[in-house]
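Below, each chain spelled out in residue letters.
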Amino acid sequence: MEELLRSNDPVWLSFVRHVLAEAGIDFLQFDEYMSALEGSVGAIPRRIMVLKEDLPRARLTLGNLALTRK
């Protein structure tokens, strides 16, 4: 799996997950519970991971919605 993006913004991550699901792109969210272990200070950003072959399509999908931050 490849990292598509990382963020501490739960609202933005929720929308990104929704967009990827609607586009039929499988993904995993890593580090979702690590911030809870760290006291929810947001020190550890959550990562959205996609399959290597889906990475270009995922970037294009998010880019078309102006959701890329890189």
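Above this text is the structure in question.
What counts, and where the lines are drawn
- Residues numbered from 1 in each chain as written.
- Predicted model: local features only at pLDDT ≥ 70, side-chain atom pairs only at ≥ 80, totals over all residues.
- Heavy atoms only, no water.
- Buried < 20%, exposed > 50% of the residue type's maximum accessible area, 1.4 Å probe, protein only.
- Helix = DSSP H or I, 4+ residues; strand = E, 2+ residues; numbered from the N terminus.
- Arc of directions from axis to C-beta.
- Contact = heavy atoms within 4.5 Å.
- Expected span 1.5 Å × (residues − 1).
- Pairing = 2+ DSSP bridges.

Caption draft 1: Main features of helix α3 (residues 55-64). Among all positions of α3, only Leu-55, Ala-58, Thr-61 and Leu-62 are buried. Down the axis of α3, the buried side of the element spans an arc of 130°, and every buried residue falls inside it. Across from the buried face of α3, at angles greater than 90 degrees, the exposed residues are Pro-56, Leu-60 and Asn-64. Against β1 (2-7), α1 (10-22) and β3 (46-50) lie the buried residues of α3.

Caption draft 2: Highlighting the environment of Glu-53. Summarising the element assignment, Glu-53 is placed in the loop between β3 and α3. In this structure Glu-53 comes out as exposed when scored by relative accessible area, which is 60%.

Caption draft 3: Local environment of α1. Relative to the 18 Å expected for 13 residues at 1.5 Å per residue, α1 spans 18 Å between its end C-alpha atoms, a close match to the ideal helical length. Residues Trp-12, Leu-13, Val-16, Val-19 and Leu-20 constitute the buried set of α1. Seen from one end, α1 has its buried residues packed into an arc of 125°, which puts them on one side. Residues of α1 that are exposed and point more than 90 degrees away from the buried face comprise Val-11 and Glu-22. Buried residues along α1 sit against β1, β2 (27-30), β3 and α3. Backbone geometry just downstream of α1 places Gly-24 in the positive-phi region, at approximately 75°.

Caption draft 4: Representation of the pairing of β3 within the structure. Counting buried residues in β3 gives four out of five residues, a clear majority hidden from the surface. Pairing between β1 and β3: five bridges, direction antiparallel. Along β3, the bridge assignment pairs Glu-2 with Val-50. Note: β2 against β3, four bridges, orientation antiparallel. Bridging from a neighbouring strand, Leu-28 pairs with Met-49 of β3.

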